[in-house]
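Close look at the chain arrangement
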Amino acid sequence: MHVEQLTCSIGAELSGVSLADAAHDEGLFAEIRQLLLTHKVLFLRDQDISRADHVTFARRFGELEDHPVAGSDPEHPGLVRIYKNPNQPNDRYENAWHTDATWREVPPMGCVLRCVECPPVGGDTMWANMALAYENLPSEIKEKIEGLRARHSIEASFGAAMPIEKRLALKAQYPDAEHPVVRTHPETGEKVLFVNAFTTHFSNFHTAKNVRFGQDANPGASDLLRYLVSQVYIPEYQVRWRWKKNSVAIWDNRSTQHYAVMDYPPCVRQMERAGIIGDKPY
């Protein structure tokens, strides 16, 4: 297996390896897992593997989860089909910087995404290193956000365009989750900036330490959240991947955000993603 680092901050491409083999080879899988912790997102080309191998490999990391809005392959639960075609309206969900499913109390540990079909050009995906984003924050901002917690909502994102009854039912099924603004990576110990497009507001900002007058609370809190969310836009934290058929990306959802570039309509783009159940952020 050959490892080529793609940027100074995030991402590496693996070659000379098949995920179908790694699904059944404990030593090879352990090596890939360690590389994932180091580079945060791994890329592979020419992975003409079966859906069963895709699922088996992803399950080496942990059990898989379904998505309440996106559909899964009926024969392989947990393999979510992200299929786009010219007859579909832009769904507005993928082309925003986000960490998958932080609206869950227990967001995914990571994902394995394979390209089934893609446009000849366009439809790239970008990832950002949110551990580095936290590390580079000014010290006064780190001090200000220490101990802060924030709410993450499926209702305000996937549910926003639904009829009100369906939206409220979705919120009842998945109430807003509360997570630390800075989470600790459970395997590396890194501190990670953990706010994204699903984050709606801080839940414990309004204290005597932070608020003298109403103006400190609003827009003070929203301005701080906007500043934190904007850190993902910095190019030095990012890597961009151009998809080809049978390309695969494996990412650590605990320390990254990603953005699917929606520049390809009216082309077809079909992706299949296995999301791995994670642990409660702390």
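Residues numbered from 1 in each chain as written. Predicted model: local features only at pLDDT ≥ 70, side-chain atom pairs only at ≥ 80, totals over all residues. Heavy atoms only, no water.

Further remarks concern the packing of aromatic side chains. Per the stated rule, a full pass over the model turns up 10 aromatic pairs. A ring pair is formed by Trp 103 and Tyr 174, whose centres lie 5.4 Å apart and whose planes are at 75 degrees; its orientation type is edge-to-face. Within this pair, whereas Trp 103 is found in the loop between strand S5 (76-84) and strand S6 (108-117), its partner Tyr 174 is found in the loop between helix H6 (164-173) and strand S9 (177-180), the two being separated by 71 residues in sequence. Tyr 174 matches Trp 103 in its accessibility class, with the two residues each being buried. Geometrically, the ring pair formed by Phe 202 and Phe 205 is stacked, given 5.9 Å between the ring centres and 20 degrees between the ring planes. An aromatic cluster of at least three residues, connected via ring pairs, comprises Phe 43, Trp 127, Trp 241 and Trp 251. (Phe/Tyr/Trp six-rings, centres within 6.5 Å; stacked < 30°, edge-to-face > 60°. Helix = DSSP H or I, 4+ residues; strand = E, 2+ residues; numbered from the N terminus. Buried < 20%, exposed > 50% of the residue type's maximum accessible area, 1.4 Å probe, protein only.)

What follows covers the sheet that holds strand S7 (residues 125-129). One open sheet accounts for three strands, arranged S13-S7-S15; its pairing is antiparallel. Of all the strands in the sheet, the pair left with one neighbour each is strand S13 (238-241) and strand S15 (256-260). Between one strand and the next, the sheet's axes are offset by a mean angle of 20 degrees, whatever the strand orientation. (Pairing = 2+ DSSP bridges. Axes fitted to C-alpha atoms, helices over the stretch in contact; angles between N-to-C directions.)

Looking now at the nonpolar core. With 30 residues, the main nonpolar core has Ile 145, Val 181, Leu 193, Val 195, Phe 202, Leu 224 and Leu 228 as its most contacted residues. Of all the secondary structure elements, the ones that give two or more residues to this core are S7, helix H4 (130-135), helix H5 (139-145), strand S11 (191-193) and helix H8 (220-229). Beyond its immediate stretch of four places on either side in the chain, Ile 145 contacts Tyr 134, Leu 137, Val 181, Val 182, Leu 193, Leu 224 and Leu 228. Core analysis: the next-biggest nonpolar cluster, separate from the first, contains 27 residues, Phe 29, Ile 32, Phe 57 and Leu 79 among them. (Core = buried A, V, L, I, M, F, W, Y, C linked by side-chain atoms within 4.5 Å. Contact = heavy atoms within 4.5 Å.)

Quick look at the domain arrangement of the protein chain now. A common way to express how large an interface is: the accessible area buried when the components associate. Domain parsing of the protein chain yields domain 1 (2-119 + 243-253 + 265-276) and domain 2 (129-232). Relative placement of domain 1 and domain 2: their C-alpha centres are 25 Å apart. Counting residues at the interface gives 22 residues for domain 1, matched by 25 residues for domain 2. Surface buried jointly by domain 1 and domain 2 totals about 2,100 Å² across both partners, of which 63% is contributed by carbon and sulfur atoms. Counting the surface domain 1 buries against domain 2, the share from its top three residues, Tyr 93, Thr 102 and Trp 103, is 31%. Counting the contacts that link domain 1 with domain 2 gives two salt bridges. Counting across the domain 1 and domain 2 interface gives nine residue pairs in polar contact (both at pLDDT 80 or more). (Domains from an automatic or database assignment. Buried area = accessible area lost by both parts, 1.4 Å probe. Salt bridge = Lys/Arg side-chain N within 4 Å of Asp/Glu carboxyl O. Polar contact = N/O pair within 3.5 Å; in protein donor to acceptor, adjacent residues only side chain to side chain.)

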